[in-house]
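Summary of the model geometry
The residues making up each chain are set out below.
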Amino acid sequence: MSEFRKFLFEGLPVRGVVVRLTDSWQELQGRREQPLPAAVTALLGEMSACALLLQGNLKFQGALILQMAGDGPVKLAVAEARTDLSYRATANVTGAVPQLGAQGFNLADLLNVHGGGRCAITLDPDDRPQGVQPYQGVVPLNDEQAGRFGRLAEAVEQYMKLSEQLDTKIMLAADGHSAAGLLIQRMPLAGEGNLEGGGLDAERAAELADAFPRLALKVGTLTREELLQLPMDDLLHRLFWEEPLRHFEPAAPRFACTCSRERVGRMLVGLGREEVESILTERAEVEIACNFCGAPYRFDAVDCAQLFQAEGSVAASPGGVH
Ligand SMILES: [Zn+2]
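Right, let's walk through the structure included here. (Residues numbered from 1 in each chain as written. Predicted model: local features only at pLDDT ≥ 70, side-chain atom pairs only at ≥ 80, totals over all residues. Heavy atoms only, no water.)

**What about unusual backbone geometry?**
A positive phi angle is found at Leu 85, which is not glycine, with a value near 70 degrees. By relative accessible area, which is 8% here, Leu 85 ends up buried. Notably, Gln 165 is not glycine yet its phi reads approximately 55 degrees, a positive angle. Residue Gln 165 is classed as exposed on the basis of its relative accessible area, which comes to 62%. (Buried < 20%, exposed > 50% of the residue type's maximum accessible area, 1.4 Å probe, protein only.)

See the structure below:
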């Protein structure tokens, strides 16, 4: 079963989240009309796990959307996680994809062949007023010193550092069977300002300052196999058995899509009347499958005429199937 847990370390300014997707992850893949190449499946698995980790780390009601836009064989990959831990993911592949290696895919080969790849994170709150754009942060898939990121986790750690000024350590792994991730993050110290004022003795201050890098080193020793296969209790024990670990009630992420006939209709309007009419000259109806869940939506000539009629009174919203 898919599993999700938050944890913290008593008395230390570090918290974490761990997730493993199994049944829900297989269901997501089964919804596609065409299976994706193994490396792209692994990319989407890591992105799904990562979106859930980031969502779990926020106090926020709505959708967190992790998007990778690329200049390689993968043009766009999207994973979305909602507050209730439902998630979905899809990718647009247009070129030959390299084989999935034993240690996972190389992000640069999939999305950043010419150095133009980007990673964007969007926070779309449930109560966002119409017409207001959701918050989005973007970072390139390159580091000024290290060059192109090979691992998705590195790109997202960089994102957290640049956009949120938060030290984060992330491990991710995925294959066709499961997708998993573990994240720890340094929390701001309460009363940090007191440090220099002698509010803490030097030993305690050093212990607090040292906690994140020390725990991050432990997290870095996780192997791909452990992350994908070890039962979650064993995994946390293996890493943190010497630490004052407290974990919270486990929760179960699930695959779910939020597509609707209305949204697909808006996408058709976004395509334009000319495009839609040219499809209707060849076929009796326009058939579109949701990119995320494969649900089929059919619009015949009358439906389409109504869509474009309605467009006159209601402003069309451009974009894909949301
Ligand atoms: Zn759908």
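From this point, things continue past the structure.
**Here's the deal with the coordination of the zinc ion**
For the zinc ion, the full set of protein donor atoms is Cys 257 (SG), Cys 259 (SG), Cys 290 (SG) and Cys 293 (SG), and the range of their distances to it is 2.2 to 2.3 Å. One can describe the donor arrangement at the zinc ion as tetrahedral, given that its four donor atoms subtend angles of 106 to 113 degrees at the metal. Between consecutive donors of the zinc ion, the numbers of intervening residues give the motif C-x1-C-x30-C-x2-C. Taken together, the residues Cys 257 in the loop between β13 (254–255) and α8 (261–271) and Cys 290 in the loop between β14 (285–289) and β15 (296–300) connect sequence positions 33 residues apart. Here Cys 290 falls in the buried class, since its relative accessible area comes to 3%. (Donors = N, O, S within 2.8 Å, 3.2 Å for Na, K, Ca; no water. Tetrahedral: all angles 85-135°; square planar, octahedral: opposite > 155°, others 65-115°. Helix = DSSP H or I, 4+ residues; strand = E, 2+ residues; numbered from the N terminus.)

**Focus on the pairing of strand β2 (residues 14–21)**
Most of β2 sits out of view: seven of its eight residues are buried. Where strand β1 (residues 3–9) lies against β2, six bridges are found, and the strand directions are antiparallel. When the sheet's bridge partners are listed, Phe 7 is paired in β2 with Gly 16. Where β1 folds back on β2, the antiparallel hairpin that results is connected by four residues, among which Gly 11 adopts a positive phi of roughly 80 degrees. Bridge analysis of β2 against strand β11 (residues 179–186) gives eight bridges, and the strand direction is antiparallel. Considered in β11, the bridge of Val 17 is made with Leu 183. (Pairing = 2+ DSSP bridges.)

**Quick word on the packing of helix α2 (residues 38–56) against helix α4 (residues 152–164)**
In a pair of packed helices, the angle between the axes and the distance between the axes together describe the arrangement. Interaxial distance between α2 and α4 falls to 11 Å at its minimum, and their mutual angle equals 30 degrees. Put simply, α2 runs roughly parallel to α4. The two elements α2 and α4 meet at a crossing, and its hand is right-handed. Each of Glu 46, Met 47, Cys 50 and Leu 54 in α2 lies in contact with α4, whose residues at this interface are Leu 152, Val 156 and Met 160. Classifying every residue of the contact of α2 with α4 by side-chain character gives six nonpolar, no polar and one charged. (Axes fitted to C-alpha atoms, helices over the stretch in contact; angles between N-to-C directions. Parallel < 35°, antiparallel > 145°, perpendicular 65-115°, else oblique. Left-handed = near helix turned anticlockwise from the far one by under 90°. Contact = heavy atoms within 4.5 Å. Nonpolar A, V, L, I, M, F, W, Y, C, P; charged D, E, K, R; others polar.)

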